[in-house]
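If you want the building blocks of each chain, they are given just below.
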Amino acid sequence: MAGHDARGRSMGVFGVLIRNGEIVTASDRYVADVQCDGGKVVAIGKNLNQRAGDQTIDASGQFVFPGFIDPHVHMELPFMGTVSADDFESGTASAIAGGTTSIIDFCIPNRGQSLLEGLEIWNGRAKKAVADYTYHMAITGWSDTMGEEMRKVVEDHGITSFKVFMAYKGALMVDDGELYEVMKHAAKLGAVVTVHAENGDAVWHLQRELAARGDLGPEFHPVSRPSSVEGEATNRALMMARLHGATAYIVHMTCCESVEALVRAKLQGQKCFGETCPQYLLLDDTVFVKPDFEGASYVMSPPIRPGHMGHHDALWRGLSNGMLDSVGTDHCPFRFEQKKMGLHDFMKIPNGAAGVEDRLQMLYTYGVCEGRFDLQRMVALGSTNPARIFGLYPRKGTIAVGADADLVVYDPAARGTRSAKTHYSKSDRSIFEGFPVRGKPSYVVVNGRIQFADGKLDVERGAGRFIKRTVTRAPHSADQPAAVRT
Ligand code: URP
Ligand code: ZN
Ligand code: ZN
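Peer 1: Residue-level account of the site of ligand 1, with values.
Peer 2: Ligand 1 sits among 13 residues. The nearest are Tyr 168, His 196, Ser 301, Asp 330 and Asn 351. Contacts to ligand 1 include His 196, whose side-chain N or O atom sits 3.0 Å from an oxygen atom. Take Asn 351: an N or O atom from its main chain is 3.0 Å from a nitrogen atom of ligand 1. Across the complex, the protein chains shield 99% of the 260 Å² of accessible surface that ligand 1 would expose by itself. Put simply, ligand 1 lies in the largest cavity. Across the shell around ligand 1, the residue classes tally to five nonpolar, seven polar and one charged.

Peer 1: Could you give an account of the packing of helix α3 (residues 146-155) against helix α4 (residues 176-189), naming the residues involved and the relevant values?
Peer 2: At a minimum axis distance of 10 Å, the contact between α3 and α4 shows a crossing angle of 40°. Considering the angle they form, α3 stands oblique to α4. Here α3 runs over α4; the crossing is right-handed. Here Gly 147, Met 150, Arg 151, Val 154 and Glu 155 of α3 lie close against α4, whose contacting residues are Val 182, His 185, Ala 186 and Leu 189. For the contact of α3 with α4, a count of residues per class yields five nonpolar, two polar and two charged.

Peer 1: Break down the coordination of the zinc ion (ligand 2) for me, with residues and values.
Peer 2: Taken together, His 196 (ND1) and His 252 (NE2) make up the protein donors of the zinc ion (ligand 2), found 2.1 Å from the metal. If you look at the zinc ion (ligand 2), its four donor atoms make angles of 57 to 151° with each other, and the shape they trace is irregular. The metal-metal distance between the zinc ion (ligand 2) and the zinc ion (ligand 3) is 3.8 Å. Taken together, the positions of His 196 in strand β12 (residues 192-196) and His 252 in the loop between β13 (247-250) and α7 (256-267) put the pair 56 residues apart, joining distant regions of the chain.

Peer 1: Please give an account of the side chain of Ser 161 that cites residues and values.
Peer 2: Mapped onto the elements of the fold, Ser 161 is located in strand β11 (residues 161-165). The contact partners of Ser 161, leaving out residues within four places of it in the chain, are Tyr 135, His 136, Met 137, Val 192, Phe 390 and Arg 469.

Peer 1: Kindly report on the sheet that holds strand β14 (residues 272-276), identifying the contributing residues and their values.
Peer 2: One open sheet accounts for eight strands, arranged β6-β9-β10-β11-β12-β13-β14-β15; its pairing is parallel. Of all the strands in the sheet, just β6 (68-70) and β15 (326-327) have a single pairing partner and so form its edges. Looking at chain direction, β6 and strand β9 (residues 100-107) are connected through three bridges and run parallel. If you follow Asp 70 over to β9, its bridge partner there is Ile 103.

Peer 1: Can you break down the packing of aromatic side chains residue by residue, with the values?
Peer 2: One pass over the structure, following the stated rule, counts 17 aromatic pairs. For the ring pair Phe 65 and Phe 68, a centre distance of 6.0 Å and an interplane angle of 65° mean the geometry is edge-to-face. Per residue, the accessibility class of Phe 65 equals that of Phe 68, and both read buried. Seen in terms of ring centroids, Tyr 133 and Tyr 135 are 5.9 Å apart; in terms of plane orientation they differ by 40°. Their pairing is tilted. In this structure Tyr 133 comes out as buried when scored by relative accessible area, which is 7%. Put simply, the rings of Phe 63, Phe 65, Phe 68, Tyr 364 and Tyr 410 pair up and form one aromatic cluster. Here the basic side chain of Arg 208 rests over the ring of Trp 204, its NZ or CZ set 4.7 Å away from the ring centre.

Thresholds, definitions, all that
Residues numbered from 1 in each chain as written. Chains lettered and ligands numbered in written order. Predicted model: local features only at pLDDT ≥ 70, side-chain atom pairs only at ≥ 80, totals over all residues. Heavy atoms only, no water. Near = heavy atom within 4 Å. Polar contact = N/O pair within 3.5 Å; in protein donor to acceptor, adjacent residues only side chain to side chain. Areas by Shrake-Rupley, 256 points an atom, 1.4 Å probe, with all protein chains shown as cover. 1 Å grid on protein atoms, 1.4 Å probe; cavity = no way out; pocket = protein on both sides within 12 Å on 5 of 7 lines; lining within 4 Å. Sits in = over half its atoms within 2 Å of the grid points. Nonpolar A, V, L, I, M, F, W, Y, C, P; charged D, E, K, R; others polar. Axes fitted to C-alpha atoms, helices over the stretch in contact; angles between N-to-C directions. Helix = DSSP H or I, 4+ residues; strand = E, 2+ residues; numbered from the N terminus. Parallel < 35°, antiparallel > 145°, perpendicular 65-115°, else oblique. Left-handed = near helix turned anticlockwise from the far one by under 90°. Contact = heavy atoms within 4.5 Å. Donors = N, O, S within 2.8 Å, 3.2 Å for Na, K, Ca; no water. Tetrahedral: all angles 85-135°; square planar, octahedral: opposite > 155°, others 65-115°. Pairing = 2+ DSSP bridges. Phe/Tyr/Trp six-rings, centres within 6.5 Å; stacked < 30°, edge-to-face > 60°. Buried < 20%, exposed > 50% of the residue type's maximum accessible area, 1.4 Å probe, protein only. Lys NZ or Arg CZ within 6 Å of the ring centre and 35° of its normal.

This is how it looks when you write it as structure tokens:
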């Protein structure tokens, strides 16, 4: 039996035996028991013996999924003059309530700040997390020391993915020369480069033109960031990755143009990945004209797209046919008072919304129950693929002996409605307010301990661990069409 770790935190104090659930991995579905001990899955089989002290969950008629992994969240992020409303404690608690047992946040040093200094700041914030975490390391500017810092981040700190923003001009945005350097050095290290793909210069000009006309309400946010701006940047990022043989992962894809760019690259043999988020699948741009400034709650970048132009279908199809690889959330909530910073100017509305708690139920209800993909594909998109792409597999992302005991027991018979009134996030708005959902996580086991049951959390501040990763592919692999191999 597990006890306490060196810091006195309980670690799977009791074993947990999950009986008779239908285990669903990315490849299999079968009914069996799962025994957890010491934070690990220790046995899977029929009629496993209950050991003294084991807590037992009867999962008959329910699914057992590997803990979901959110590859895209921003807890406690200083952004646009404020800070995102969920810190690492409330954000990871909210994640657990929604069946997500690990997160990948973004460590975002300021331009000119060293990556290692940024890492120290993020480690200070993240130590109160209740679920396991790692980060993508953002590069927000280039200097002569950056290549060596990138090496240290990967080899000494086990952070094997980077992030570049091609938008947010004057803040986080990198230019093409900087993008070139990041791709080049990441390729040498075998690291993945995650990319926010929007043409930040074009956005800047569109914003100026709208401002000159006095078009400053939240409904003009999407006008300033049309899908062509995203498609162009997606293509440019992928070409820059190809130039160096780097692995690119395009975050929060929203539109046909960017899916087309990704498909082209994949069909040409390039190793690259695409992520979308539930809001881009399920909402359309009519949200921006809600009265009383409520449209501001939906302001995020890239923006939610019109419903009549095929973007939603392109994303759903990509998820089912394997052209898109994962569903993250871009969880980055701001309370309505914070959104009011942009009451008279949409450019000042902090960009982002909550989502980490909604993802599994939205995928199950609108993906699986509506026949868009099957249960195994849902597990792949929300757990196994993020784990594989970002070097967490097989410790996480599947149910297997020796894997972390991060498990979701999901009751498909439950019915509910998503609402800010009932979610655990500190956000006072839900962009999925009133959406009916099928099924719910009835139990969530994290690190071998039941941390969510009967709608209630039982989490421990600081119990989440930083998970070190190793690169998943050799630098400059032959599978990558690289023009430059130095
Ligand atoms: O609007 C968004 N997406 N906010 C969070 C930062 C980012 O671009 O991912
Ligand atoms: Zn972004
Ligand atoms: Zn983001």
